[in-house]
Amino acid sequence: MRPRPRGALGSRSRLVLLGTAAVLSGALLTGFGSSGCAGAGEGPARDEGTNTLRIHVAGQDERALGPLGMYWFLTFLGLTSDLDVDGTYEPRLLASWEHRGDYTEWILHVREGVRWGDREPVTAEDVKYSLELWTHPEVLYQRRYFESLEILDPHTLRMTFPEPPTATLHDYSWLVIVPEHLLAANAPEELFSWPFWVEPVGNGPYRYAHHVPDVMTELEANPDYYGDAPAIGTVVLRYGGNALTELLAENVDVASGISPGQALRMREEPRFRLYFGPVNRQVGVAWNHRLPLFRETAVRRALTMSIDRRELLHLIGYPEETPIVDVPAKARHYASGEDAFPRPLPFAPDSARRLLARAGWVDTNGDGVRERNGREIRFELLATAQMRGQAVALQDRFARVGVAVEIRLAERTVLRDRIREHDFDAAIKQFNYIETYGDFPTTGYRNPEVSRLRHLAWSSVDPDTTDLHLSELWEIVGREIPITYLHPDRQILVAHRRVRGMRDHRELSGLVEHLWIDEEEAEKGTR
Amino acid sequence: MIRYVARRLLQAIPLLLGIAAITFFIVHLAPGDPMDMFLQSSARRELDPEVIAMIREKWGLNDPLHVQFFHWLGNVFTGDLGESFRYRRPVADLIWERIPFTIQLTVLALAFDALVGIALGVISAVKQYTATDKVVTLGSLAIYSVPGFWLALMLVLVFSVHLGWFPTSQTRSLDYQFLSFWGKLGDRLWHLVLPVFVLGVASAASTARYVRNRLLEVLSEDFVLAARARGLPERTVILGHALRNALIPVITIYGLSLPFLLGGSVLIEEVFAWPGMGRLAVEAIGNRDYPVILATSMIAAVLVVLGNLLADVAYAVADPRVTYESARGARE
């Protein structure tokens, strides 16, 4: 056999090297084709001019414009607008509507002159198709409250209900109205997989331009939009990454879902401003009314008065003017300020001590914990890691009035499980205002009058009627304190100074078309 | 070899079935309700309880656990991994979209580990007891001790936020599709630098120390002395003879490190917003997205099995003195 030249590789070594090179090349070129990039290679290179708004989108990808995303309002018109701070809403895709006195029949007028991105007109057929699609039994997205949808003419339809609905038209504006002529052939059961959500054809203030999978979606101002053209010409939804990092690196202009700790950090940055979105939920302490301790109204009131809720607001970085309340409330109530609420229990630890003493809870052995009939006032407080700060603050305040608390942290789903199974003493959780999902009964609180008033308030779509019953309900709840509300749960947004038009108490996706960029303002912040 | 590989694969089937059963029951028995995810919906609204009850019925969550298990297993054998509770899309689609990115990160991290780790190990062994050796040894120890996610955050802070040399996250730039072929390649590499470095550097530190020790052992053997006596250049002695023998066990370690790199990539994917399987798995656990949890767990189990098999085969291939049957014993 001919000797191998010095330095030459054997066949086995060559094979190994070739294989390694192939694997590495394959790894490097993974996803290189970037299928799904509409407009790839066409037109000039993207110019991120000064009239571009870059929004950080956490936890989502290019399906953020779909029904499970947060930003479909940018490309699709809802039936109505987003809620204003006073709880009212404006017509949007619907130009107007009428209803019978008992609300069981509605006539909806679809706005004329609105077109889809392919220039086809938006009609009542699209609305009917979409509402039926979202309530389709295979889609399982929304319960079909309505009985029938009948098209009266190309821009009018009749919606009937078997009984007066509790949902308002605004509640239906969560359902994306989509082009029937493009989607009717698609299988409803595969709705969430439809490619349509990645490259939507909409009718909103913005239209889809192109996307890079898992990286971004670019939207441009819709020239066919029925309303005023947005001042910002281009919106870039940028997916993934840490919101704070992306803001500080100035990769994005706006980010939502900022944690209170992150918000405190951003307060120190002159380049940015903080905004607080609408109140989606309230954070409070659920007392387990099945335990004798928390069945006593005096104990619940005493514990509530021992908490410095202004201190809690400061702890989480919420504005000073945030109302302190003892009652379940909607976003519009919070937006109206403290005057909209009955006076809450004050922070009064001395009064709390007197209340507990009158109820028989006294520290007889001097260990700092009150007892009654030989039993100490001691309980376990469940909380998620995100609410740890609040739990520690409560533990400290309770200790000062002679109540011993042990904090137990639990994952969110575990906490809900334990509450649902009544396996808890007290728990810090978020409460949905509507509470048709049973937060009061879940805690074991029973009051027939409260149940009656709650049913009356919730079953009316007329805000005045709702408020009438709410005021009576608030009187009882404010007295009995079945839940101690600590603070509202508001989404925190951070925006660069260059972004103007941002407002508190509003969702970002509803604000975008009203925003504008001010580069001069941005300069002031960096000086 | 083919018979050996086939036998090992057949033996893996009952193992994987056992893993599937254990994983299934543990996941379903853990506290937490997957339907809670709908009560924290990202669409700013909560689903009607009646709809949630219908979803639960549709997904068979009301069935007895053993019924659910056999139903799931039967679907898996037909290639149906189920539908994600969170994304409402086929799990297979989600994994198909994500797994290439995890493989990309893992393979390149392995390559980095091999290149840098072996090079440093050789340098350290050749320069034993010198300042270079001390620097490499101490540096390896330091890097090995640093938590990967902390290193990732620090690198992002320094090189991305403050210096702006590298991107903070993601796989491509915003204007990726407007770039030329070479521009796209460069863009991908630019985005890979930090995540590959973070994922590979700890393994490289470990590899460097292992290679150093092995090489020092081999350099003291008779055949090395004989090679030197024959007048071969020192470079040929070390790289052509000693290193080849020192690397035999190192090669097999890479087969075993594959699943560990996959696990390590979870945190890295989170920091760099890398759309890989690790992130998908972590999100699924938080949301109690059972189908995704089960699918990703089974993929990890398959990788462990394949990794072990690869290690055994590689060991036998690299060292002709070792048979396939004894490869596992020799490796252990």
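Along every chain, residues carry numbers that run from 1 in the direction the sequence is written. Whichever chain is written first is A, and whichever ligand is written first is 1; the rest continue in order. At least 70 in pLDDT is required for a residue's local features to be given in this predicted model, at least 80 for side-chain atom pairs to be given and counted, and no such filter applies to totals for whole chains, interfaces and linings, which use all residues. The side-chain quantities take in all heavy atoms of the structure and omit both hydrogens and water.

## Side note on the overall build of chain B
In step 1: Labels follow the DSSP assignment, with helices taken as runs of H or I lasting at least four residues and strands as runs of E lasting at least two, numbered in each case from the N terminus. Each helix and strand counted, chain B has 12 helices and 0 strands in total.
In step 2: Sequence-ordered secondary structure for chain B, helices as α and strands as β, is α-α-α-α-α-α-α-α-α-α-α-α.
In step 3: Referenced to the eigenvectors of the C-alpha coordinate spread, the extents of chain B come out at roughly 85 × 55 × 40 Å.
In step 4: Here the term buried applies to any residue with accessible area under 20% of the maximum for its type, exposed to any over 50%, and partly exposed to those in between, with areas from a 1.4 Å probe on protein chains only. Taken over 332 residues, chain B has a buried fraction of 48%.
In step 5: Calculation of accessible area relied on Shrake-Rupley with a 1.4 Å probe; when residues are assessed, cover is drawn exclusively from the protein chains displayed. Total accessible area on chain B stands at roughly 15700 Å², and carbon and sulfur atoms take up 69% of it.
In step 6: Taking the 28 positively charged and 27 negatively charged side chains of chain B as two groups, their mean positions are separated by 9 Å. Asp and Glu count as negative and Lys and Arg as positive, but His and the ends of the chain are not part of the count. Positions of charges follow a simple convention, taking NZ of Lys, CZ of Arg, CG of Asp or CD of Glu.

## Brief notes about the nonpolar core
A general tendency of soluble globular proteins is for nonpolar side chains to be buried together.
Residues and elements named next belong to chain A.
In step 1: Nine residue types can take part in a nonpolar core, namely buried Ala, Val, Leu, Ile, Met, Phe, Trp, Tyr and Cys, and a core is a set of them joined through side-chain atoms within 4.5 Å. If you look at the biggest cluster of nonpolar residues, it comprises 40 residues, and the most contacted ones within it are Leu131, Trp134 and Val178.
In step 2: Among the secondary structure elements, those contributing two or more residues to this core are strand E3 (105–110), helix H2 (124–134), strand E5 (156–160) and helix H3 (169–172).
In step 3: Two residues qualify as a contact provided that any one of their heavy atoms is within 4.5 Å of a heavy atom in the partner residue. Once residues within four sequence positions are removed from consideration, Leu131 is found in contact with Leu79, Phe146, Leu149, Met159, Leu175 and Ile177.
In step 4: Counting 38 residues, the second-largest nonpolar core is a separate cluster that includes Val252, Ile258, Ala263 and Ile324.

## Considering the sheet that holds strand E1 (residues 52–57) of chain A
Residue and element names in this part refer to chain A.
In step 1: DSSP-based pairing: two strands are paired if at least 2 bridges between them are found. With mixed pairing, 10 strands are arranged side by side in an open sheet as E6-E7-E8-E1-E9-E16-E10-E15-E13-E14. Strands at the two margins of the open sheet, each flanked by one partner only, are strand E6 (206–212) and strand E14 (404–409). Pairs of neighbouring strands in the sheet enclose a mean axial angle of 30 degrees, with direction left out of account.
In step 2: Here helix H6 (residues 260–267) sits on the sheet in contact with strand E9 (254–258), strand E10 (272–287) and strand E16 (483–496), set at roughly 150 degrees to E10. Geometry is summarised by axes, namely lines fitted to C-alpha atoms with helices restricted to the contacting stretch, and by angles between N-to-C directions that run from 0 to 180 degrees.

## A closer look at the confidence of the model for chain B
Note that predicted coordinates carrying low pLDDT should not be read in detail.
In step 1: What pLDDT conveys is the predictor's confidence in a given residue, as a value from 0 to 100. Across chain B, pLDDT averages 85, with 92% of residues at or above 70.
In step 2: Within chain B, the element-level pLDDT minimum falls on helix H12 (residues 324–331) of chain B, averaging 55, and the maximum on helix H3 (residues 65–77) of chain B, averaging 93.

## Looking at the packing of aromatic side chains
In step 1: By convention, a stacked pair of Phe, Tyr or Trp rings (six-membered ring in the case of Trp) has centres within 6.5 Å and planes under 30 degrees apart, an edge-to-face pair has planes over 60 apart, and any other such pair is tilted. In total, this model carries 33 aromatic pairs over all chains according to the counting rule given.
In step 2: Aromatic pair Tyr103(A) and Trp106(A): ring centres 6.1 Å apart, planes at 40 degrees, arrangement tilted.
In step 3: Grouped by ring-pair contacts, the aromatic residues Phe76(A), Trp134(A), Tyr141(A), Phe192(A), Trp194(A), Phe196(A) and Trp197(A) constitute a single cluster.
In step 4: Whether a charge lies above a ring is judged from NZ of Lys or CZ of Arg, which has to be within 6 Å of the ring centre and within 35 degrees of the ring normal. Here the basic side chain of Lys429(A) rests over the ring of Phe431(A), its NZ or CZ set 4.4 Å away from the ring centre.
In step 5: Looking at Arg172(B), its charged tip hangs above the ring of Tyr176(B), at a distance of 5.5 Å from the centre.

## A short note on the packing of helix H4 (residues 91–126) of chain B against helix H5 (residues 131–145) of chain B
Residue and element names in this part refer to chain B.
In step 1: One can describe the packing of H4 onto H5 by two numbers: an axis separation of 8 Å at closest approach and a directional angle of 140 degrees. With respect to their mutual orientation, H4 and H5 come out oblique. Like other packed secondary-structure pairs, H4 and H5 cross with a definite hand, here left-handed. On the side of H4, the interface is formed by Leu120, Ile123 and Ser124, while H5 contributes Thr132, Asp133, Val136 and Thr137.
In step 2: For the contact of H4 with H5, the per-class residue count stands at 3 nonpolar, 3 polar and 1 charged. Should an angle fall under 35 degrees it is taken as roughly parallel, and over 145 as roughly antiparallel, whereas 65 to 115 is taken as roughly perpendicular and any remaining angle as oblique. By convention the crossing between two helices is left-handed if the near helix lies anticlockwise of the far one by an angle smaller than a right angle, and right-handed if it lies clockwise. Classification convention: Asp, Glu, Lys, Arg as charged; Ala, Val, Leu, Ile, Met, Phe, Trp, Tyr, Cys, Pro as nonpolar; all other residues, Gly among them, as polar.

## Quick word on the pairing of strand E8 (residues 234–239) of chain A
All names here are of chain A.
In step 1: The buried fraction of E8 is high, at 6 of 6 residues.
In step 2: Where burial is concerned, the two faces of E8 agree: the one with Thr234, Val236 and Arg238 and the one with Val235, Leu237 and Tyr239 are both buried.
In step 3: Pairing geometry for E1 and E8, over 6 bridges, is parallel. The partner of Ile55 across the bridge, within E8, is Leu237.

## A few points about the environment of Glu190(A)
In step 1: Assignment of secondary structure puts Glu190(A) in the loop between helix H4 (180–183) and E6.
In step 2: Put simply, Glu190(A) and Glu138(A) are 52 residues apart on the chain and 8.7 Å apart in space, counted from C-alpha to C-alpha.

## A look at the environment of Phe379(A)
Residues and elements named next belong to chain A.
In step 1: Following the sequence through the fold, Phe379 ends up in strand E13 (residues 378–383).
In step 2: Between the C-alpha atom of Phe379 and that of Ala302, which follows or precedes it by 77 residues, the distance is 15 Å.
In step 3: Ignoring anything within four residues of it in the chain, the contact list for Phe379 reads Trp287, Leu293, Phe294, Leu303, Phe398, Val403, Ala404, Val405, Glu406, Asp425 and Ala426.

## Quick word on helix H2 (residues 49–58) of chain B
All names here are of chain B.
In step 1: Where H2 is concerned, the buried positions are Val51, Ile52 and Ile55. Viewed end-on, H2 has its buried residues packed into an arc of 100 degrees, placing them on one side of the element.
In step 2: Among the residues trailing H2, Gly60 stands out with phi positive, at a value near 70 degrees. Arc definition: directions from the helix axis to the C-beta atoms.

## Thoughts on empty space enclosed by the protein
In step 1: Points on a 1 Å grid, built from protein atoms alone, make a cavity when a 1.4 Å probe fits but cannot get out and make a pocket when they are open with protein on both sides within 12 Å along at least 5 of 7 lines; residues with an atom within 4 Å of a point are the lining residues. Grid points are joined across faces, edges and corners, and a volume is the space filled by probe spheres set on the points. Overall, the coordinates contain 6 cavities of 30 Å³ or more when judged by the stated rule.
In step 2: When its volume is computed, the largest cavity comes out at roughly 150 Å³.
In step 3: As for the largest cavity, its lining consists of 13 residues, of which Gln60(A), Asp61(A), Asp214(A), Arg98(B) and Arg279(B) are closest to the centre.
In step 4: Looking at the lining of the largest cavity residue by residue, the classes come out as 4 nonpolar, 4 polar and 5 charged.

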